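# Working through the structure, step by step
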There are 2 protein chains.
Amino acid sequence: MSEDHRRRRLALRALLADRNADALLVTNLLNIRYLTGFTGSNAALLVVTDDTEDESRSIISTDGRYLTQVSEQVPDLRAEITRAVGTRLIELAGKDGVGKLGFESHVITVDQHRAYTEVAGEVALVRLGGLIEQLRMVKDEQEVALLRGACAAADAALSLLIENGGLRPGRTEREVGRQLEFLMLEQGADGISFETIVAAGANSAVPHHRPTEAILAHGDFVKLDFGATLRGYHSDMTRTFVLGSVADWQREVYDLVLQSQAAGRAALVPGTPVTEVDAAARDVIDAAGHGELFLHGLGHGVGLEIHEAPGIGKGGTGTLLTGAVVTVEPGVYFSGRGGVRIEDTLVVRDQGPELLTLTSKELTVV
Amino acid sequence: MSEDHRRRRLALRALLADRNADALLVTNLLNIRYLTGFTGSNAALLVVTDDTEDESRSIISTDGRYLTQVSEQVPDLRAEITRAVGTRLIELAGKDGVGKLGFESHVITVDQHRAYTEVAGEVALVRLGGLIEQLRMVKDEQEVALLRGACAAADAALSLLIENGGLRPGRTEREVGRQLEFLMLEQGADGISFETIVAAGANSAVPHHRPTEAILAHGDFVKLDFGATLRGYHSDMTRTFVLGSVADWQREVYDLVLQSQAAGRAALVPGTPVTEVDAAARDVIDAAGHGELFLHGLGHGVGLEIHEAPGIGKGGTGTLLTGAVVTVEPGVYFSGRGGVRIEDTLVVRDQGPELLTLTSKELTVV
């Protein structure tokens, strides 16, 4: 792992050199985890760039609670133990002769910035927000392995839920949600990605329905949108089932969403503008006359956050990069009646996308 | 509920008038929930103050996803539907003649502030961070009722865990943690307050140990630190058990922590400096010669956040206010051997503190 983190820090240093910054003060804890593996709740990281690959000028700072942890998780960087991690690293950067110091202006608050300015002295603080998030868009194989593991825990949990009759008339949405979350943890997940969505019957027409005491009934659509985390990495998957027997309108809408989802997956080609990926799936639903029932974007990046760049929607920007990990999740929602969403998590690859969520997408009657 | 929220907004308006601000732009989502009951994931709130109690100049803003939700949860305020909630409300404040507009400088990022400045025009943006957090320190009875409910779910779950033999040699820390979390949800919790701490044997000496595959054994201390949430409000409780039989050193350290905790609870008197409350509990442990093994502060406020003001520790500031809800949680940790922490959540009352976590604190052998 340590070598992966070092490689990421060197990639960041190249970006900093492009921006003519001498160093970056990293304060977003997820970015610190990405660059070092450190998982404590208070930290800052000073990444100094120069013509060498030497890292002796870079420093991680955390407080006394994490003295042991930081030496174990980040053996290859100098550690500075203090409560005031950010201001202390600015002072040290000044002593080290750093002239232009970038800071994460998308996470640093106005009050924090004021405190930084007070200690900056000769150091020029420059806004450099989102730089590491840009790197994080492209996952390395270490990250893909963790995402694959998180997706596998979710797949296994869903399979057990179905096998054990967890989806049956008479249960409440909440019961199903709790069981599914419990099963993910049992299958090796460290946690859940977000509150599990279980939406039965008419509730399935609400895109982000929260589970209630509503009771599953024969003939219902049951939509499950859920994910597991593994060492900080998130999975995201949606499947929609039918209980007991399928009505014609249900089969129709299911097939439509399935087709749309396949078109979206097929459009995951490196270099494609994200708006075109969205359109590939949306066109299928538009052609069936239901465009106005597809209420959201097609997908989003997944990694250390459940929603991260790139956003794949009508208003998205940029193109798909090789190594991006994204969701493809079209949906069609008939208000008051029911809806279907089908979602996978995939890696964008040169030879075609790699599916990480492996549960069947065939219409399943349980 | 609606009337409680209105009362909180009027209290905020009085604070704004004291600061000579015409209005406050609220962007911390927890503060918006506190002031309006709105629970969506994107919102801003403009609270305008003047000599009346009329609220027609105040506006809540959220995006189209929450159109129905905002009208249901906040029927008494005008709603503005847009994606760019913050900048839009600044524009509307300008049109309404607001001169001095406070913003939450402790949560607004440097990048957001830049965007705000671009649309501010004649409106003067002034830093007013932490104002609502100050109000939130004193809970009203509506809030205490939710905190009591959250604590009751945690009490009930722990009781069931013990009754069902959930704490027994051979189980892993993780299994116990998962079961306890599952039971809290079953007992009416909406969620868990934080990742449950289960620490057996020598692990109990690590104050914030995360559950592992470590196996519970006869003679172990088992420390459980956990909580439930109810409509956004958090409970927090720690109990330490002994498995099978108690050694003399275990009884000694348990009794010491129990005495210290009782002293801390007794010191919860309105008007007491928080440093004195901390000292009341700490003195007991100091007197036993174990002061250096009590590694953390005595407690913290609890409410919409699991940790909020006031901090009760050596470096704390201010005095206890009537209506504050705080934890009292001394601990003594023998590294490599085991430790004890006992924690309650309590309301500071004029007639003496009200205990919200009701599980017995007698030394319990399971």
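Just so we're clear, the structure is a prediction, and the values are computed from it rather than from any experiment.

## What to know about the sheet that holds strand S9 (residues 221-226) of chain A
Residues and elements named next belong to chain A. An order of S8-S9-S12 is seen for the 3 strands of this open sheet, with the pairing classed as antiparallel. The open sheet has two edge strands with one neighbour each: strand S8 (197-200) and strand S12 (237-242). Looking at each pair of strands side by side, their axes are set apart by 10 degrees on average, direction ignored. Running over the sheet, helix H8 (residues 173-186) touches S8 and S9 and is turned about 145 degrees from S8.

## So, the domain arrangement of chain A
Residue and element names in this part refer to chain A. Here the domain parsing of chain A yields domain 1 (2-136) and domain 2 (141-355). Each of domain 1 and domain 2 was reduced to a C-alpha centroid, and the two centroids are 36 Å apart. The interface of domain 1 with domain 2 comprises 6 residues on the first partner and 8 residues on the second. Approximately 670 Å² of surface area, both sides summed, lies buried where domain 1 meets domain 2, with 47% of it carried by carbon and sulfur atoms. In terms of surface lost to domain 2, no three residues of domain 1 exceed Leu30, Arg33 and Arg136, which account for 60% of the buried area on that side.

## Re the packing of aromatic side chains
Taken as a whole and assessed by the stated rule, the structure comprises 7 aromatic pairs over all chains. Residues Trp249 of chain A and Phe334 of chain A carry aromatic rings whose centres are separated by 6.1 Å and whose planes lie at 90 degrees to one another, so their mutual orientation is edge-to-face. Taken together, the positions of Trp249 of chain A in helix H9 (residues 248-266) and Phe334 of chain A in strand S16 (residues 331-334) put the pair 85 residues apart, joining distant regions of the chain. A residue is classified by how much of its surface remains accessible, and Trp249 of chain A, at 24% relative accessible area, is partly exposed. Relative to Trp249 of chain B, the ring of Phe221 of chain B lies with its centre 5.5 Å away and its plane at 85 degrees, an arrangement referred to as edge-to-face.

## Looking at the sheet that holds strand S10 (residues 228-230) of chain A
All names here are of chain A. The antiparallel open sheet is built from 3 strands, whose spatial order is S7-S10-S11. Of all strands in the sheet, those bounded by a partner on one side alone are strand S7 (191-192) and strand S11 (233-234). Here helix H7 (residues 141-163) sits on the sheet and contacts S10 and S11; the angle it forms with S10, its principal contact strand, is near 145 degrees.

## Concerning the relation of the copies chain A and chain B
Screw-axis analysis of chain A against chain B gives a translation of 0.0 Å along the axis, an RMSD of 0.0 Å, and a rotation angle of 180 degrees. Classification of the inter-copy transformation places it as that of a two-fold axis. Taking the C-alpha atom as reference, chain A places Thr109 of chain A closest to the rotation axis, 2.0 Å from it. The overlap is high: 100% of the interface residues of chain A also sit at the interface in chain B, so the same surface is used on both sides.

## Focus: the side chain of Thr240 of chain B
Residues and elements named next belong to chain B. Secondary-structure assignment places Thr240 in strand S12 (residues 237-242). On the basis of relative accessible area, Thr240 is assigned to the buried category, the value being 2%. Reaching out from Thr240, the side chain makes a polar contact with the backbone oxygen of Arg341 at a distance of 2.8 Å. If near-sequence neighbours (up to four positions away) are discounted, Thr240 is found in contact with Phe221, Val222, Lys223, Tyr254, Gly339, Val340 and Arg341.

## Looking at the nonpolar core
All names here are of chain B. Judged by nonpolar contacts, the single largest core of 33 residues is most densely connected at Leu12, Leu16, Val26, Phe38, Leu45 and Ile60. Among the elements of the structure, helix H1 (2-18), strand S1 (23-26), helix H2 (29-36), strand S2 (43-48), helix H6 (131-136) and helix H7 (141-163) are those that each provide at least two residues to this core. Ranked by residues supplied to this core, first place goes to H7 with 5 residues. Both domains that furnish three or more residues to this core are identified here as domain 1 (2-136) and domain 2 (141-355). Setting aside residues up to four positions removed in sequence, Phe38 forms contacts with Ile32, Arg33, Ala43, Ile60, Thr62, Tyr66, Gln69, Val70, Gln73 and Val74.

## Overview of the packing of H7 of chain B against helix H8 (residues 173-186) of chain B
All names here are of chain B. Their axes nearest at 8 Å, the elements H7 and H8 cross at an angle of 130 degrees. For the element pair H7 / H8, the angle class is oblique. Considering how the two elements wind past one another, H7 and H8 form a crossing that is right-handed. Residues Ala153, Ala154, Ala157, Leu158, Leu160 and Leu161 of H7 touch H8, and the partners they reach there are Val176, Gln179, Leu180, Leu183 and Met184. Classifying every residue of the contact of H7 with H8 gives 10 nonpolar, 1 polar and no charged.

## Considerations on the interface of chain A and chain B
Contact with chain A, which involves 18 residues of that partner, is made by 18 residues of chain B. Taken together, both faces of the contact between chain A and chain B bury some 1,700 Å²; the carbon and sulfur share is 52%. Summed over the shared surface of chain A and chain B, the number is 4 salt bridges. For the salt bridge of Arg127 of chain B with Asp111 of chain A, the shortest nitrogen-to-oxygen distance reads 2.9 Å. Counting across the chain A and chain B interface gives 12 residue pairs in polar contact (both at pLDDT 80 or more). Of all the secondary structure elements, the ones that give two or more residues to the side of chain A that touches chain B are helix H5 (110-120) and H8 of chain A.

## Regarding unusual backbone geometry
Residues and elements named next belong to chain A. With an omega of 0 degrees, the peptide bond between Ala309 and Pro310 qualifies as cis. Among the structural elements, Pro310 can be located in strand S14 (residues 308-312). Look at Asn20: it is not a glycine, yet its phi comes out positive at around 60 degrees.

## Re the pattern of salt bridges
All names here are of chain A. Evaluation of the coordinates by the stated rule reveals 58 salt bridges over all chains. A salt bridge links Asp63 to Arg65, with the shortest nitrogen-to-oxygen separation between them at 3.0 Å. Accessibility expressed as a relative area gives 1% for Asp63, which makes it buried. When the shortest N-O distance is used, the salt bridge between Glu213 and Arg174 registers 3.3 Å. Pair noted here: Glu213 is in the loop between S8 and S9 and Arg174 is in helix H8, with a separation of 39 residues, a long-range link. Among the charged side chains, a network of salt bridges with common partners joins Arg6, Arg9, Glu53, Glu55 and Asp76.

## Focus: the pairing of S1 of chain B
Residues and elements named next belong to chain B. Taking every second residue as pointing to the same face, both faces of S1 are buried, with Ala23 and Leu25 on one and Leu24 and Val26 on the other. Bridge count for S1 against strand S5 (residues 100-103) is 3 bridges, and the pairing is parallel. Paired with Leu25 across the bridge in S5 is Phe103. Here 4 bridges tie S1 to S2, and the two strands are oriented antiparallel to one another.

Parameters at a glance
Residues numbered from 1 in each chain as written. Chains lettered and ligands numbered in written order. Predicted model: local features only at pLDDT ≥ 70, side-chain atom pairs only at ≥ 80, totals over all residues. Heavy atoms only, no water. Pairing = 2+ DSSP bridges. Helix = DSSP H or I, 4+ residues; strand = E, 2+ residues; numbered from the N terminus. Axes fitted to C-alpha atoms, helices over the stretch in contact; angles between N-to-C directions. Contact = heavy atoms within 4.5 Å. Domains from an automatic or database assignment. Buried area = accessible area lost by both parts, 1.4 Å probe. Phe/Tyr/Trp six-rings, centres within 6.5 Å; stacked < 30°, edge-to-face > 60°. Buried < 20%, exposed > 50% of the residue type's maximum accessible area, 1.4 Å probe, protein only. Least-squares fit on C-alpha atoms with pLDDT ≥ 70 in both. Polar contact = N/O pair within 3.5 Å; in protein donor to acceptor, adjacent residues only side chain to side chain. Core = buried A, V, L, I, M, F, W, Y, C linked by side-chain atoms within 4.5 Å. Parallel < 35°, antiparallel > 145°, perpendicular 65-115°, else oblique. Left-handed = near helix turned anticlockwise from the far one by under 90°. Nonpolar A, V, L, I, M, F, W, Y, C, P; charged D, E, K, R; others polar. Salt bridge = Lys/Arg side-chain N within 4 Å of Asp/Glu carboxyl O.

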